[in-house]
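The chain contents come next:
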Amino acid sequence: MASALAAGPLGCFVVWRRMAYFGDATAHAAILGVAVALALEIPIFLGVLALAGLMSAAVALSAGRSYAADTLLGVAAHTALAAGLTAMAFLPGARLDLMGYLFGDILAVSRGDVWTILFGAAAALGLLAWRWTGLLASTLSPDLAAAEGRDPARERLILMLALAFLVAAALKVVGALLITALLVIPAAAARAVSSTPERMALAAAAIGAGAVLAGLAASWTWDAPAGPSVVLAASAALALANLAAVLRRALRG
Amino acid sequence: MTALAEAPPLVEATGVSIRYDGVEVLRDVTLSLRPGEIVTLVGPNGSGKTSLARALAGALRPSAGRVRRRPGLRLGYVPQTLALDRTLPMTVDRFLALAGERDRAVREAALERTGAPGLGPRQLSELSGGQFQRTLLAHALLRRPELLVLDEPTTGLDQPGASAFYRLVAELRDELGCAVLMVSHDLHVVMSASDRVICLNGHVCCEGTPTVVAAAPEYRALFGFGTGGALALYRHQHDHGHDHDPAHGHDHPHDHGPQGQGAGPG
């Protein structure tokens, strides 16, 4: 729930800035982060945060060079994923957890994990709330923001940091492969019913939280896997929101 | 104008060069903007007009040289385009609030002043070209600018629309006392409203009052053929206004080198 609430508004920026691939890259780097954390015997949250952060920085710095952004992200994301999977294979005992980190395992979430999730989600949301206007202005037009005395590069860095926090928080629940879905789908659904960025952020948070509840309920009732159920619920919300928007436009004439 | 000319410059560029991926688009540009003047940058495509405007506005760091803005300078910037993503819902009013103006009535007044009253609740992505330019201008006005930087503000406007827009800019300059830096290719319309024209083609080719620049061989080498008709019209108007002005007649032979010097690679 907490991670969905944070993922909504953050996901709006991911969608606005066309960063969906970037979300993937960060999430895949998280698997490598898990492996590193297990190998070094540091808390997994820290390992994931560090690797996701490193990935953000690397991609941010190399953007706009000789490869197109999506090529670069494709390379980075899957290299990180493959490296993570390979590293996991060499770590004794880690193989058992692998599925959990890839797809999420809500039943394996401990009391300590809950605090981790709350902290990560709160950090991501806090960063967003703190820099909201600056982030919005730089998303709309970096040039305009810079001319008005803001620093688009710094705002971008803060957004990536927030993303790293969220990935670290949500990894255990939704899994690396589906985190991007939690970011992008509620935001896309919210777009259909919003007229301002603030409303879209709130709607995305609400839709994300609703999808988590619905997904978990489905998982409970039909014994479906939790993470994928949540994503499917979000997709259903997206379809409904668009249907509602189409109907409303049709009614208005 | 003499008093203004002696005031400290709002923005000063010294030896500015700009490179993208090692390709130089602008070389060793030095210029300054003084309070209250309207300066127009003209030049062919790829001449570095937009890059220079962005550097002066602070949106682009020059690869060499420096841009000094007067400390605390309030700058209103109208970029050439906004890469609007349709997934970002943004009403005109919300966009204007991003300029830092909390009072909705003031935001509406700015829209009214730029000739776009009542657009507040509309989505940015639904606006026509002219409405969009006026909204961008209203946003810039809400910064209470001492310097307005307008990058091809009439893109997407037809001839009467562009003329009306330039008249509006001149009026606003008189009202606010702000300086205006304009990038444009609508030469004949723009030039008559400018105090100073800077002709750019990778470097400053020539600069001066509109009449001086229009007569400069460097300028004619760049624009002589493509805009022949428009220029003839412009020259014609000014022949009446300024030909008997002794200062201008005197300027011409001194200010400009031999023909063709400015037509180097761009």
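Structure first, text after, so check above.
Rules and cut-offs
- Residues numbered from 1 in each chain as written.
- Chains lettered and ligands numbered in written order.
- Predicted model: local features only at pLDDT ≥ 70, side-chain atom pairs only at ≥ 80, totals over all residues.
- Heavy atoms only, no water.
- Helix = DSSP H or I, 4+ residues; strand = E, 2+ residues; numbered from the N terminus.
- Rg over C-alpha atoms; globule rule 2.2 N^0.38 Å.
- Phe/Tyr/Trp six-rings, centres within 6.5 Å; stacked < 30°, edge-to-face > 60°.
- Lys NZ or Arg CZ within 6 Å of the ring centre and 35° of its normal.
- Pairing = 2+ DSSP bridges.
- Patch = residues over 30% accessible without salt bridge, like charges linked within 9 Å, V, L, I, M, F, W, Y side chains within 5 Å.
- Areas by Shrake-Rupley, 256 points an atom, 1.4 Å probe, with all protein chains shown as cover.
- Salt bridge = Lys/Arg side-chain N within 4 Å of Asp/Glu carboxyl O.
- Buried < 20%, exposed > 50% of the residue type's maximum accessible area, 1.4 Å probe, protein only.
- Contact = heavy atoms within 4.5 Å.
- Buried area = accessible area lost by both parts, 1.4 Å probe.
- Polar contact = N/O pair within 3.5 Å; in protein donor to acceptor, adjacent residues only side chain to side chain.
- Lys, Arg positive; Asp, Glu negative; His and termini not counted.
- Charge placed at Lys NZ, Arg CZ, Asp CG, Glu CD.
- Axes fitted to C-alpha atoms, helices over the stretch in contact; angles between N-to-C directions.

Q: Describe the overall build of chain A, with residues and values.
A: Each helix and strand in chain A was counted, giving twelve helices and zero strands. Listed N to C, the secondary structure of chain A is α-α-α-α-α-α-α-α-α-α-α-α in terms of helices and strands. Here chain A has a C-alpha radius of gyration of 18 Å; the compact-globule value for 253 residues is 18 Å, and the two agree. Dimensions of chain A along its principal axes, counting C-alpha atoms only, are 60 × 50 × 30 Å.

Q: Describe the packing of aromatic side chains, with residues and values.
A: Aromatic rings in a pair are described by how distant their centres are and how their planes are angled relative to each other. Residue and element names in this part refer to chain A. In total, this model carries three aromatic pairs over all chains according to the counting rule given. Here the aromatic residues Phe 45, Phe 119 and Phe 165 are joined through ring pairs into a cluster of three or more. Across the ring face of Trp 130, the terminal group of Arg 131 is positioned such that the distance to the ring centre comes to 4.9 Å.

Q: Describe the pairing of strand β2 (residues 23-33) of chain B, naming the residues involved and giving the relevant values.
A: Residues and elements named next belong to chain B. Taken together, the seven bridges between strand β1 (residues 11-20) and β2 define a ladder with antiparallel strand orientation. In the strand pairing of β2, Ile 18 is matched with Leu 26. Two successive antiparallel strands, β1 and β2, enclose a turn made up of two residues, where Asp 21 displays a positive phi of approximately 45°.

Q: Summarise a nonpolar patch on the surface; cite the residues concerned and give the values.
A: Residue and element names in this part refer to chain A. Together, Leu 40, Ile 42 and Leu 46 line one region of the surface with nonpolar side chains, adding up to about 280 Å² of accessible area. Structurally, Ile 42 is set in the loop between α2 (20-40) and α3 (44-62). For Ile 42, a relative accessible area of 35% corresponds to the partly exposed category.

Q: Please give an account of the interface of chain B and chain A that cites residues and values.
A: Contact with chain B, which involves 24 residues of that partner, is made by 23 residues of chain A. Counting the surface lost from both chain B and chain A, the interface buries some 2,100 Å², and carbon and sulfur atoms represent 57% of this. Among the residues chain B hides against chain A, the three largest losses belong to B:Leu88, B:Pro89 and B:Leu98. Together they make up 27% of the total. On the surface where chain B and chain A come into contact, there are three salt bridges. For B:Arg143, the salt bridge identified is with A:Glu148, shortest N-O distance 3.9 Å. If you look at where chain B meets chain A, you find seven residue pairs in polar contact (both at pLDDT 80 or more). Within the residue set of the side of chain B that touches chain A, elements represented by two or more residues are α2 (49-57), β5 (75-78) and α3 (92-97) of chain B.

Q: Kindly report on a positive patch on the surface, identifying the contributing residues and their values.
A: A cluster of like positive charges, contributed by A:Arg248, A:Arg249, A:Arg252 and B:Arg86, occupies part of the molecular surface. Overall, A:Arg248 belongs to the partly exposed group, its relative accessible area being 46%.

Q: An account of the pattern of salt bridges is needed here, citing residue identities and associated values.
A: Residues and elements named next belong to chain B. One pass over the full model with this rule turns up 16 salt bridges over all chains. Glu 146 is paired through a salt bridge with Arg 70; the nearest N and O atoms lie 2.7 Å apart. Taken together, the residues span a long stretch of sequence, with Glu 146 in the loop between α5 (129-141) and β6 (147-151) and Arg 70 in the loop between β4 (64-69) and β5 at a distance of 76 residues. Residues Asp 93 and Arg 104 are paired through a salt bridge, measuring 3.5 Å at the closest nitrogen-oxygen approach. With a gap of eleven residues between them, Asp 93 in helix α3 and Arg 104 in helix α4 (residues 104-113) connect regions that are remote in the sequence. Given a relative accessible area of 9%, Asp 93 falls into the buried group. What you see here is one network of salt bridges that share partners, running through Glu 37, Arg 196 and Glu 207.

Q: Describe in detail unusual backbone geometry, supporting the description with residues and values.
A: The backbone of A:Asp223 sits at a positive phi, close to 60°, despite the residue not being glycine. Structurally, the position occupied by A:Asp223 is in the loop between α11 (197-222) and α12 (226-252). Exposure remark for A:Asp223: the relative accessible area of 69% places this residue in the exposed category. Look at B:Asp28: it is not a glycine, yet its phi comes out positive at around 50°. For B:Asp28, the location among the structural elements is in strand β2.

Q: Describe the sheet that holds β2(B), with residues and values.
A: Residues and elements named next belong to chain B. Reading across the sheet, the three strands line up as β2-β1-β4 and stay open at both edges, with antiparallel pairing between neighbours. Because the sheet does not close on itself, it has two edges, and the strands there are β2 and β4. Each adjacent strand pair in this sheet contributes to an overall mean axis angle of 25°, direction not counted. Running at roughly 125° to β1, α2 makes contact with β1, β2 and β4 of the sheet.

Q: If you had to explain the pairing of β6(B) to someone new, which residues and values would you point to?
A: All names here are of chain B. For β6, the buried fraction is high: five of the five residues fall into the buried class. Of the two faces of β6, the one lined by Leu 147, Val 149 and Asp 151 and the one lined by Leu 148 and Leu 150 are each fully buried. Bridge count for β6 against strand β7 (residues 179-183) is five bridges, and the pairing is parallel. From the neighbouring strand, Asp 151 faces β7, where its bridge partner is Val 183.

Q: Please provide a residue-by-residue account of the sheet that holds β7(B), values included.
A: Adjacent strands of a sheet pair through backbone hydrogen bonds, lying either parallel or antiparallel. Residues and elements named next belong to chain B. Taken together, six strands build an open sheet; the order of strands is β5-β6-β7-β3-β8-β9 and the sheet is mixed. The strands lining the two open edges of the sheet, one partner per strand, are β5 and β9 (204-208). In this sheet, neighbouring strand axes are inclined to one another by 15° on average, regardless of whether the strands run parallel or antiparallel. With respect to the sheet, α5 is in contact with β5 and β6, its orientation differing from that of β5 by roughly 165°.

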